[in-house]
Amino acid sequence: MAPRLCIISAATRRLLRKPGPRAGDLAAAGAMRLQPLCGVSESSQLTLSGNALTGMPRVVSWIIPNPVKWTKETSFYSKDSEGSWFRSLFVHKVDPRKDAHSTLLSKKETSNLYKIQFHNVKPECLDEYNSLTEAVLPKLHLDEDYPCSLVGNWNTWYGEQDQAVHLWRFSGGYPALMDCMNKLKNNKEYLEFRKERSKMLLSRRNQLLLEFSFWNEPQPRAGPHIYELRTYKLKPGTMIEWGNNWARAIKYRQENQEAVGGFFSQIGELYVVHHLWAYKDLQSREETRNAAWRKRGWDENVYYTVPLVRHMESRIMIPLKISPLQ
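Note that the structure is a prediction, hence the values are computed from the model and not measured.

K.L.:
I keep staring at the packing of helix α8 (residues 239–249) against helix α10 (residues 298–305) and nothing clicks. Help me out?
P.N.:
Axis angle and axis distance: for two packed helices, these are the angle between their axes and the distance between the axes, and together they describe the pair. Their axes nearest at 9 Å, the elements α8 and α10 cross at an angle of 170°. Classified by the interaxial angle, the pair formed by α8 and α10 is roughly antiparallel. On the side of α8, the interface is formed by Trp242, Asn245, Trp246 and Ala249, while α10 contributes Trp298, Asn301, Tyr304 and Thr305. Residue composition of the contact of α8 with α10, by class: five nonpolar, three polar and no charged.

Laid out in structure tokens, this is it:
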């Protein structure tokens, strides 16, 4: 059976013939451990989650092996007196909050908003898709009139096949995003690009993200690297607890400068976390991850965060030529 061919229209050929930016221009443009609760021994402590920003515990629940002096703060799950004593040992006491979780977890000194795009490309069109993307997207990245910049562009190597992943930064938050969208509506070259690109796609989706305050901000880096995008879908209501644990644990993953960026979703599928890592190769990834387990405290992070996860996924990605992250 003869292989299918991706038919390139005259409009696509015109876009590909237009001179793109030089590589130098792109480079220049791109350029607690948990403490035991006071008065409660580690052996009796079952769960502890707190606010990394205030240092105050948010949720505390424990098993008390000795007789207890009951106070008015003791809560019960039911009105039945029978069995309520046992249930009360596991009641979670939560401090009331007035701030949104995103406000507590995101960086205060910046107002960056990120957009991640996942494009599933027709297998016979992947090369043409990459060529078209490399001809058009850097022009937006370099144009100072558009408040957006490329963070990284990849093809998935292991994970979903024939997939492109693009990460954008909007400096100025939602107003910058809307400004950019309104300008693109009048950009004839970009509209032509979208029309031609749509013929090459099977599906696409995106998310708007904020970056965790305790993670590195993604910066351009020279290659060669492979990149791992680890995606965690959390149980609703657990984002603060996830952030508290990773705020302590990220120090265990900085030795080889593998941490690129950490993000959580704001629009699109919610309670989704993306961690982006860079490695020299797959063997380096294996050695780096194994080294983390030899550091005291890393195992605690895994112990406390695994129960928060509903689903997780790993992609190994190869950067495109235009990606600031190489």
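K.L.:
Honestly, the packing of helix α5 (residues 126–142) against helix α7 (residues 188–198) in this entry has me stumped. Any pointers?
P.N.:
In contact at an axis separation of 11 Å, α5 and α7 are set at 155° when each is read in the N-to-C sense. Put simply, α5 runs roughly antiparallel to α7. Remark: the crossing between α5 and α7 carries left-handed chirality. Listed contacts from α7 to Tyr129, Leu132, Thr133, Val136, Leu137, Lys139 and Leu140 of α5 are Glu189, Tyr190, Phe193, Glu196 and Arg197. Of the residues that constitute the contact of α5 with α7, the class distribution is seven nonpolar, one polar and four charged.

K.L.:
When you look at the sheet that holds strand β6 (residues 163–171) in this model, what are you seeing that I'm missing?
P.N.:
Paired through their backbone hydrogen bonds, the strands of a sheet run either parallel or antiparallel. A barrel is described by the order of its strands in space; here eight strands give the closed sequence β4-β6-β5-β11-β8-β10-β9-β7, paired in antiparallel fashion. The mean angle between the axes of side-by-side strands here comes to 35°, regardless of whether they run parallel or antiparallel. Pairing between strand β7 (residues 201–211) and strand β9 (residues 259–267): four bridges, direction antiparallel. Each bridged residue has a counterpart across the sheet, and for Glu211 the counterpart in β9 is Phe263. Of the strands in this sheet, β8 (226–234), β9, β10 (272–279) and β11 (309–319) are in contact with α8, which crosses β10 at around 25°.

K.L.:
Whenever I open this one, the pairing of strand β5 (residues 148–158) confuses me. Can you help?
P.N.:
Each regular strand shows side chains that alternate between the opposite faces of the sheet. With respect to burial, β5 is a largely interior element, nine of its eleven residues being buried. Note that β5 and β6 share seven bridges and pair antiparallel. Its bridge partner lying in β6, Leu150 is registered against Trp168. Adjacent in sequence and paired antiparallel, β5 and β6 are bridged by four residues, among which Gly159 carries a positive phi angle near 125°. By the bridge criterion, four bridges tie β5 to β11 in an arrangement that is antiparallel. In the sheet register, Trp154 faces β11, and the bridge partner there is Pro319.

Reading the values: the criteria
Residues numbered from 1 in each chain as written. Predicted model: local features only at pLDDT ≥ 70, side-chain atom pairs only at ≥ 80, totals over all residues. Heavy atoms only, no water. Axes fitted to C-alpha atoms, helices over the stretch in contact; angles between N-to-C directions. Helix = DSSP H or I, 4+ residues; strand = E, 2+ residues; numbered from the N terminus. Parallel < 35°, antiparallel > 145°, perpendicular 65-115°, else oblique. Contact = heavy atoms within 4.5 Å. Nonpolar A, V, L, I, M, F, W, Y, C, P; charged D, E, K, R; others polar. Left-handed = near helix turned anticlockwise from the far one by under 90°. Pairing = 2+ DSSP bridges. Buried < 20%, exposed > 50% of the residue type's maximum accessible area, 1.4 Å probe, protein only.

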